[in-house]
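Each chain, letter by letter, is given below.
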Amino acid sequence: DPLSMTMCMFVTGVSALIHLYSIGYMKKDRDYSKFFIYLNLFVFSMVVLVLGGNFLFTFVGWEGVGTCSYLLVGFWFERDTAATAAKKAFVVNRMGDFGFLLAMFLVVGHFGSLDYRTVFTHLGGPSPLSHTTALAISLLLLLGAVGKSAQLPLYSWLPDAMEGPTPVSALIHAATMVTAGVYLMTRVNPILSVSPAAYTVIAILGAVTAFYAATVACAQDDIKRVLAYSTVSQLGYMFLGVGSAAFGAAIFHMLSHAFFKALLFLGAGSVIHGLDNEQDLKRMGNLRRYMPLTTVTFVVGWLAIAGIPPLAGFWAKGDVLDNAFARFPVLWAFGLATAALTAYYMTRLSALAFWGDDRWREVLQAGPARHATGGHSPEPDHGADVGTGAHGGHGGLPHEAPWVMALPLVVLAILSFVGGLLNLPWHPSWAPLRWLGPVFGARLYDAHQSGATQWVLGVVDAAVAVLGLAVAFPLWTRRPERPALEPAVLQRSWYLDDIYDALIGRPGQAMAAFTATVVENRVIDGAVNGVGRLARLAGTGLRRVQTGYVRQYALGIVVGAVVLLAFMASRAWS
């Protein structure tokens, strides 16, 4: 149907550019062939997910992308951080999958089928779906979507997934895995419409997640972690669109986000490549002078995600906020504040990387040894000409990536610029996404505001974005160290990971230790060893009876016969 085809086109289209980029980026990696096997299996699983005609087939693709994310995030598994991040992604996603499974049990129990068409056509049939059951199914599916699309409280795997190669980060964060949850919620829109309370829960969750992740991104120093929290925040916008019953707006933002987020991640990879694997923003600076192509393309992605008109992000984010304003004014305020923070932290990232002083000089002069004391986990030597910065043919200067990596940047920059043409809300005569009408029907666009309201909201969106940019740019181009603007509470993600560790991690470790020392060693092993000792004692006792003397065995037979005869006689007398 139109929804599956839309997803299929943008998944394969963006993935093709990421594949092309990976040819150069992973050129010298010793597991080059294995990387592309995993990458193609990942895309295959995502295509299975979006083309599935029933819940079960979708779940097969759902589990496929989860497995492949484990393989790709932990691709450099020799590093403890990568292996740990891969396990974390796998375990956290399993929590969400539990909800997906329970939802399927409810669906098949009520409808006797998992086929989408069968379920959706029988929602109001002879045995209509009650509001309570619909809410239960919606919330359980939401749990699955929260795990896959990294929303609160199951978001924490996504920033750690930056331990994988940069093309993996672009693939997971832009076009495939994280959008699976948004796709699932838009796919089951008829079930959501039966229980309006589900819309409210989804909208609140999306707005809170978007704001939370945006605040955390304002204080991160690793270029990829800033983009990771940005992804969590933008996914929150998509859930806000779903919760506002504006499915067209959610899909529009998903598509435009795929363009500029893939561009930003691949641009970050180009920066990392040009700086001999450095990822710390505080050790970059003034790269626009040495990497002009990367700078121009990255700036397009920066302005797009910040919501500066007329780039795609302005139209897509504005579409979500317009619908939120019509349905949840308070959540619209959260979304607007998040938009200001988005412009701020993306301007901070760009200013630290491409403007200011040449702080990278000590990086290239120090060479690989610098990573021994660094606060982040750099990527191993991988791509074409990596390592040529301070020791090769570039004279110790940052350098542009080869054309195979530069071409996807140019294509994605063009798409980020003109992507708004997919669904211009102020020009309904030009809206290609209206072909999703057969899937969503009247739920394609929920808000029908007047032209004046749309103009006012659009001006407010643009003003907020420009304000965030205007505040951040002079701050971070003049001085890279501003501790007052980077408090520990934001650097540590509001201590949520520490809270999870205290409430779940450490009690889990204590329970595992107790299980290993007490339950395993004393109870289970004790029971097994006790049976063995009992058998040995019984054997030792019985062995004493086996003397080998015939007369003793004959005596035993006589005694036994007498006992049996006495027993039979007593029975006869009674």
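Since this is a predicted model, take the numbers as computed values, not measurements.

Reading the values: rules and limits
- Residues numbered from 1 in each chain as written.
- Predicted model: local features only at pLDDT ≥ 70, side-chain atom pairs only at ≥ 80, totals over all residues.
- Heavy atoms only, no water.
- Helix = DSSP H or I, 4+ residues; strand = E, 2+ residues; numbered from the N terminus.
- Buried < 20%, exposed > 50% of the residue type's maximum accessible area, 1.4 Å probe, protein only.
- Contact = heavy atoms within 4.5 Å.
- Salt bridge = Lys/Arg side-chain N within 4 Å of Asp/Glu carboxyl O.
- Core = buried A, V, L, I, M, F, W, Y, C linked by side-chain atoms within 4.5 Å.
- Expected span 1.5 Å × (residues − 1).
- Patch = residues over 30% accessible without salt bridge, like charges linked within 9 Å, V, L, I, M, F, W, Y side chains within 5 Å.
- Areas by Shrake-Rupley, 256 points an atom, 1.4 Å probe, with all protein chains shown as cover.
- pLDDT = per-residue confidence, 0-100.
- Polar contact = N/O pair within 3.5 Å; in protein donor to acceptor, adjacent residues only side chain to side chain.
- Phe/Tyr/Trp six-rings, centres within 6.5 Å; stacked < 30°, edge-to-face > 60°.
- Axes fitted to C-alpha atoms, helices over the stretch in contact; angles between N-to-C directions.
- Parallel < 35°, antiparallel > 145°, perpendicular 65-115°, else oblique.
- Left-handed = near helix turned anticlockwise from the far one by under 90°.
- Nonpolar A, V, L, I, M, F, W, Y, C, P; charged D, E, K, R; others polar.

Concerning the environment of Ala-214
- Position of Ala-214 among the secondary structure elements: in helix α11 (residues 196-217).
- A relative accessible area of 0% means that Ala-214 is categorised as buried.
- Measuring from C-alpha to C-alpha, the distance between Ala-214 and Gln-234 comes to 8.8 Å, with 20 residues separating the pair along the chain.
- Residues contacting Ala-214, with those up to four places away along its chain left out, are Ser-233, Thr-338, Leu-341 and Tyr-345.

A closer look at helix α9 (residues 179-187)
- Of all the nine residues making up α9, nine are buried; the element is thus mostly covered by neighbouring parts of the structure.
- Among all positions of α9, only Thr-179, Ala-180, Gly-181, Val-182, Tyr-183, Leu-184, Met-185, Thr-186 and Arg-187 are buried.

A short note on the pattern of salt bridges
- In the structure shown here, the tally under the stated rule is 17 salt bridges.
- Where Asp-497 meets Lys-88, a salt bridge forms, and the shortest distance between an N and an O atom there is 3.9 Å. With a gap of 409 residues between them, Asp-497 in helix α23 (residues 496-545) and Lys-88 in helix α4 (residues 80-111) connect regions that are remote in the sequence.
- Residue Asp-497 is classed as partly exposed on the basis of its relative accessible area of 27%.
- Asp-221 is the salt-bridge partner of Arg-348, the closest N and O atoms lying 3.2 Å from each other. Note that Arg-348 is positioned in helix α16 (residues 329-354) and Asp-221 in the loop between α11 and α12 (223-243), a separation of 127 residues in sequence.
- Under the relative-accessibility criterion, Arg-348 is labelled buried at 0%.
- Its relative accessible area of 25% is what places Asp-221 among the partly exposed residues.
- Each of Asp-221, Lys-282, Arg-348, Glu-481 and Glu-486 takes part in a single network of salt bridges with overlapping partners.

Brief notes about unusual backbone geometry
- Cis peptide bonds are those with omega within 30 degrees of zero, and the linkage from Leu-152 to Pro-153 qualifies with 5 degrees.
- With respect to the helices and strands, Pro-153 occurs in the loop between α6 (131-148) and α7 (157-160).
- In this structure, the amide linkage connecting Pro-309 to the following residue, Pro-310, adopts the cis form with an omega of 5 degrees.
- Considering the arrangement of structural elements, one finds Pro-310 in the loop between α14 (292-306) and α15 (312-327).
- A positive phi angle is found at Asp-276, which is not glycine, with a value near 60 degrees.
- The class for Asp-276 is buried, based on a relative accessible area of 4%.
- Despite not being glycine, Trp-494 has its phi angle at roughly 60 degrees, a positive value.
- On the basis of relative accessible area, Trp-494 is assigned to the partly exposed category, the value being 41%.

Topic: the nonpolar core
- Judged by nonpolar contacts, the single largest core of 157 residues is most densely connected at Phe-55, Leu-141, Trp-157, Ile-172, Met-185, Ile-191 and Leu-192.
- Contact partners of Trp-157, with chain neighbours within four places excluded, come to Lys-88, Ala-89, Val-92, Asn-93, Gly-147, Lys-148, Ala-150, Ile-172, Met-177 and Val-178.
- In terms of nonpolar packing, the next biggest core, distinct from the first, is built from 16 residues, Ala-207, Tyr-237, Trp-332 and Val-464 among them.

Comments concerning helix α21 (residues 451-478)
- Counted at 1.5 Å a residue, the expected span for α21 with its 28 residues is 40 Å, and the 41 Å between its end C-alpha atoms agrees.
- Residues of α21 that are buried: Gln-454, Leu-457, Gly-458, Asp-461, Ala-462, Val-464, Ala-465, Gly-468, Ala-472 and Trp-476.
- At its buried positions, α21 is contacted by α14, α15 and α16.

Brief notes about a nonpolar patch on the surface
- Taken together, Leu-293, Val-410, Ile-414, Phe-417, Val-418 and Leu-421 make up a surface patch of nonpolar side chains, about 480 Å² in accessible area.
- Sort the elements by how many residues they give to the nonpolar patch and helix α19 (residues 403-418) lands first, with four residues.
- Among the structural elements, Phe-417 can be located in helix α19.

Concerning the confidence of the model for the chain
- Of all residues in the chain, 91% have pLDDT values of 70 or greater, and the mean over the chain is 88.
- Across residues 368-376, confidence stays below pLDDT 50; counting only partners more than four residues off in sequence or on other chains, it has 16 contacts.

Remarks on the environment of Met-95
- With respect to the element layout, Met-95 can be found in helix α4.
- Spatially, the C-alpha atom of Met-95 lies 8.4 Å from that of Leu-154, the residues being 59 residues apart in sequence.
- If near-sequence neighbours (up to four positions away) are discounted, Met-95 is found in contact with Leu-143 and Leu-154.

Comments concerning the side chain of Thr-297
- Here Thr-297 shows up in helix α14.
- Among the polar contacts listed, one links the side chain of Thr-297 to the backbone oxygen of Leu-293, at a separation of 3.0 Å.
- With near-sequence residues (within four places) excluded, Thr-297 lies in contact with Leu-263, Leu-409, Val-410 and Ala-413.

With respect to the packing of aromatic side chains
- Under the counting rule described, the total for this entry stands at 22 aromatic pairs.
- Ring geometry for Phe-59 versus Phe-100: centroids 5.1 Å apart, planes at 70 degrees, classification edge-to-face. Taken together, the residues Phe-59 in helix α3 (residues 55-73) and Phe-100 in helix α4 connect sequence positions 41 residues apart. Judged on exposure class, the residue Phe-59 and its partner Phe-100 are both buried.
- Between the aromatic rings of Tyr-199 and Phe-247, the centroid separation amounts to 6.4 Å while the plane-to-plane angle is 55 degrees, which identifies the pairing as tilted. Here the residue Tyr-199 occupies a position in helix α11, and Phe-247 occupies one in helix α13 (residues 247-274), the gap between them amounting to 48 residues. Phe-247 matches Tyr-199 in its accessibility class, with the two residues each being buried.

Some thoughts on the packing of α4 against α6
- Two numbers describe how α4 lies on α6: the axes approach to 7 Å, and their chain directions differ by 155 degrees. Relative to α6, the element α4 is oriented roughly antiparallel. Handedness of the α4/α6 crossing: left-handed. In contact with Asn-93, Arg-94, Met-95, Gly-96, Asp-97, Gly-99, Phe-100, Leu-102, Ala-103, Leu-106 and Val-107 of α4, α6 contributes Ala-136, Ile-137, Leu-140, Leu-141, Leu-143, Gly-144, Gly-147 and Lys-148.
- Class assignment for the residues of the contact of α4 with α6 results in eleven nonpolar, five polar and three charged.

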